[in-house]
Every structure is written in structure tokens, then in C-alpha cells.
Amino acid sequence: MRALVTGAGRRVGRAIALELGTTGWDVLVHYHRSAEPALEAVDAIRAAGGQADVVQGDLGEVEGCAQVVRAVSERWDGLELLVNNASVFEPRPFEQTDLAHWDWMVNVNLRAPFLLARDLLGLLRAGRLAGGTNGCVVNLCDIGADRPVSGFTAYSVSKAGLVMLTRSMAVELAPSVRTVGVAPGQVAWPESYSDEKRAAIARRIPMGRAGTPEDVARLVRFLAMEGDYLNGVIVPVDGGLHVRY
């Protein structure tokens, strides 16, 4: 089985790549600037007996997306799983949100998943998963798509668009290709968060603790391997935070 995971050099993307690569998948680890971490992820997969390689591309640019598509098409004649994980996350007050910031958020978080899914559709339809579907697309959405936080308008809008893209693809591409979304809550702390802020957020989570990137990674593998009747759903991985956010 073959998978492309975007933004897989760090954090959640890395965990997804390792989960897949160590459970029988041949994984392409995409990165933009994080070449060293991406290569380390590939080395870890290979050390565990899996198959992996890297692919580079700036998903904020149309040509960068095309570059990734070409690399996948040259390597494989089919694709079982596309994980659109790469995203940008940066606060910006509404009144200070200029067009460059808006475009950056939308281009990486929404346009890139659309372009990759559209241009890899032939390979996804040639994939072979259990349960009667060919390929599967997993889009990494966000709790912020439904529960916006002050200072993150462009980010929240881009992720809300990704939710609708997921649902639209699910309607239009099934039954041959399934599309599902995963909406992480607090599973990887921003480095700028203080211990006090982290503790305050954790107290709001009904499970009483933050999650981990590995929580998301295990769900992605399940959705691809066993959730063969799941299509168009957005699955929260947040310990219940979305209920009271």
C-alpha cells in the first residue's frame, strides 16, 4: 500500500508517516523546508523495516503542488492514501490581516489539498484498499473550523473551507474514492504557549489532558484500513473539547 503524507517532517505529519511506514505502507514523506526532519523520519521508517522516501515542494505555490504530483506519478502507478496534513498556523488580528497573509493561509490549507486530490485522482482510482474502495483521502481539518479563536480568522476560514471540500469530495468521488476529515484539538502544543496556558487549556478538555500526534496517526491508519464505510465525516480527536470549546 502506498501513501503520500504532506508536511510529514514534524509534529502530527511525522507521527502519521511513522505510523503508516511501520505498519506496512510505502510512504512518501513530503516537506517544504524541513529537509533534515523529513530525512530522519524516512530513516526511522526504514530502520523499522518499512519503505519510505522524501518529496519536496512548496504547497503554497501551484507549481510546488505540481512538483509533488509529478514525483508521486513517477514513483507509483497507483495511490491508496493521500493525507493532506501540511498547513500553516499563525495568528494575525483581523484588522491587520493583509491579502498576502490571507492568500498564504488559504493557498496552503485549502487550495493545496484540492490541487493534490484533483491531480492525483487517477492514481487514487487505481489504488486498491480493502472494502471495495480504491483510494482514500484524509484531510487534516481543525477544531477551529467550527470554533474560531480570536486572532485566527484567516486560519479558521481556510480550515472551514477544507471541511466543505472534504464533504464535497465525498459526495462526488465515491464510491471509488473515499474522503474523510480528521479534526485534531490540542494534540501538539505551539512552542509559544507557556506552561500556564497549556495547563489552562488542558483543564478545559473533558478527558483532563492534551492528546498526542500519535492519537491522530492511529486514527488516520484506521480510517484508511478499516473504516471502509466512513465517507464525508469529520472525526474529532480532541478528548471532547469540541463539545465545550
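Along each chain, the written sequence defines residue order, and numbers are assigned to residues from 1. Local features in a predicted model are, by the rule used here, given only for residues with pLDDT of at least 70; side-chain atom pairs are given and counted only at 80 or more, and totals for whole chains, interfaces and linings are based on all residues. Note that water and hydrogens are dropped before the side-chain values are worked out from all heavy atoms of the structure.

A. Spotlight on the packing of helix α1 (residues 11-21) against helix α2 (residues 35-47). Their axes nearest at 9 Å, the elements α1 and α2 cross at an angle of 20°. The orientation of α1 relative to α2 falls into the category roughly parallel. Of the two elements, α1 crosses α2, and the hand of that crossing is right-handed. Along the contact surface, α1 presents Arg-14, Ala-17, Leu-18 and Gly-21, while α2 presents Pro-37, Glu-40, Ala-41, Ala-44 and Ile-45. All residues other than Ala, Val, Leu, Ile, Met, Phe, Trp, Tyr, Cys, Pro, Asp, Glu, Lys and Arg, Gly among them, are scored as polar; the first ten of these are nonpolar and the last four charged. Taken together, the residues of the contact of α1 with α2 sort by class into 6 nonpolar, 1 polar and 2 charged. Interaxial angles span 0 to 180 degrees and are taken between N-to-C directions of axes, which are lines fitted to C-alpha atoms, for helices over the stretch in contact. Helical segments are the DSSP runs of H or I of at least four residues, strand segments are the runs of E of at least two, and each set is numbered from the N terminus. Angle categories: roughly parallel below 35 degrees, roughly antiparallel above 145, roughly perpendicular from 65 to 115, and oblique for all the rest. Crossings are classed by handedness, with left-handed meaning an anticlockwise turn of the near helix from the far one by less than a right angle and right-handed meaning a clockwise turn. Whether two residues touch is decided by their heavy atoms; if any such pair falls within 4.5 Å, the residues are in contact.

B. Representation of the packing of aromatic side chains within the structure. Note on ring pairs: Phe, Tyr and Trp rings are taken, using the six-membered ring of Trp, and paired if centres are within 6.5 Å. Classes follow the plane angle, with under 30 degrees stacked, over 60 edge-to-face and the rest tilted. Enumeration according to the criterion identifies 2 aromatic pairs in this entry. With a centroid separation of 4.7 Å and 15° between ring planes, the pair formed by Phe-89 and Phe-152 is classed as stacked. One end of the pair, Phe-89, is in the loop between β4 (81-84) and α4 (99-119); the other, Phe-152, is in the loop between β5 (136-140) and α6 (153-173), and 63 residues separate them in sequence. Buried, partly exposed and exposed residues are distinguished by accessible area as a fraction of the type maximum, computed with a 1.4 Å probe on protein chains only: under 20%, between the cut-offs, and over 50%, respectively. Residue classification places Phe-89 among the partly exposed positions, given a relative accessible area of 42%. Geometrically, the ring pair formed by Phe-89 and Tyr-155 is edge-to-face, given 4.8 Å between the ring centres and 85° between the ring planes. With Phe-89 in the loop between β4 and α4 and Tyr-155 in helix α6, the pair connects residues that are 66 residues apart, well separated along the chain. Given a relative accessible area of 5%, Tyr-155 falls into the buried group. Ring-pair connections join several aromatic residues into one group, and the members of that group are Phe-89, Phe-152 and Tyr-155.

The analysis is restricted to geometry; functional conclusions fall outside its scope.
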